[in-house]
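# Breakdown of the fold
Next come the chains, spelled out residue by residue.
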Amino acid sequence: QVQLVESGGGLVQAGGSLRLSCAASGLTFSRFSVGWFRQAPGKEREFVAAVSRLIGSPGYADSVKGRFTISRDNAKNTIFLQMINLKPEDTAVYYCAARARPIYSGGITEYDYWGQGTQVTVSS
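Residues numbered from 1 in each chain as written. Predicted model: local features only at pLDDT ≥ 70, side-chain atom pairs only at ≥ 80, totals over all residues. Heavy atoms only, no water.

## Some words on the pattern of salt bridges
A full pass over the atoms with the stated rule returns 5 salt bridges. Notably, a salt bridge pairs Arg38 with Glu46, separated by 2.7 Å at the nearest N-O pair. Judged by relative accessible area, which is 5%, Arg38 ranks as buried. Across the salt bridge formed by Asp90 and Arg67, the nearest N and O atoms sit 2.7 Å from each other. One end of the pair, Asp90, is in the loop between strand S8 (78-83) and strand S9 (92-99); the other, Arg67, is in the loop between strand S6 (59-60) and strand S7 (68-73), with 23 residues separating them in the sequence. Each member of the pair, Asp90 as well as Arg67, carries the same accessibility label: buried. Each of the salt bridges in this network shares a partner with another, and the network as a whole consists of Arg38, Glu46, Arg67 and Asp90. (Salt bridge = Lys/Arg side-chain N within 4 Å of Asp/Glu carboxyl O. Buried < 20%, exposed > 50% of the residue type's maximum accessible area, 1.4 Å probe, protein only. Helix = DSSP H or I, 4+ residues; strand = E, 2+ residues; numbered from the N terminus.)

Set out below in structure tokens:
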């Protein structure tokens, strides 16, 4: 059974930092492209960042470029999202997702597995 479990969310002041982790099990992790998405209250889930199966240039939403960094550790079946200079508009539930394709995608429907999410709240 495939499981993705996020951790690292919490409450932080604007300008602060958080590092999210997503531990994967039940799949050959190195064969999956992985990504982070987020959903704010009353809004649709949106793409944040993703990285392909083969270590290459990741992709980011314009709203997080220069502030968020996605990375993966295939040996530990884990992906990370380092977030700095957080803003109140970054407040959302953050989800990790895995896609059984070599190249990442920004499309929500393109991912096969999802975690349960972790809450990130940024106060002003």
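What follows picks up the thread again.
## Here we look at the packing of aromatic side chains
The final tally for this structure, using the stated rule, is 5 aromatic pairs. Both rings, one in Phe37 and one in Phe47, keep their centres 5.7 Å apart while their planes meet at 70 degrees; by these two values the pair is edge-to-face. Separated by 10 residues along the polypeptide, Phe37 in strand S4 (residues 33-39) and Phe47 in strand S5 (residues 46-51) bring together distant segments of the chain. By the burial criterion, Phe37 is buried, and Phe47 matches it. Ring geometry for Phe37 and Trp114: centres 5.0 Å apart, planes at 55 degrees, overall tilted. Taken together, the residues span a long stretch of sequence, with Phe37 in strand S4 and Trp114 in strand S10 (residues 113-114) at a distance of 77 residues. Residue Phe37 is classed as buried on the basis of its relative accessible area, which comes to 0%. For Trp114, a relative accessible area of 25% corresponds to the partly exposed category. (Phe/Tyr/Trp six-rings, centres within 6.5 Å; stacked < 30°, edge-to-face > 60°.)

## Some thoughts on the sheet that holds strand S3 (residues 18-25)
The 4 strands are arranged S1-S3-S8-S7 in an open sheet whose pairing can be described as antiparallel. Every other strand in the sheet has two partners, leaving strand S1 (3-7) and S7 as the edge strands with one partner each. Adjacent strand axes in the sheet meet at a mean angle of 15 degrees, parallel and antiparallel pairs treated alike. For S1 and S3, the ladder comprises 5 bridges, and the chain directions are antiparallel. Opposite Ser7, over in S3, you have Ser21 as the bridge partner. (Pairing = 2+ DSSP bridges. Axes fitted to C-alpha atoms, helices over the stretch in contact; angles between N-to-C directions.)

## Brief notes about the state of the cysteines
What makes a disulfide is a covalent bond joining the sulfur atoms belonging to two cysteines. Applying the stated criterion to the full structure yields 1 disulfide. Each sulfur in the disulfide pair Cys22 and Cys96 lies 2.0 Å from the other. Because the torsion about its S-S bond is 50 degrees, the bridge between Cys22 and Cys96 counts as right-handed. Of the two residues, Cys22 sits in strand S3 while Cys96 sits in strand S9, which places them 74 residues apart along the sequence. An identical accessibility class is assigned to Cys22 and Cys96; each is buried. (Disulfide = S-S within 2.5 Å.)

So far we have only geometry, and geometry alone does not tell us how the molecule works.
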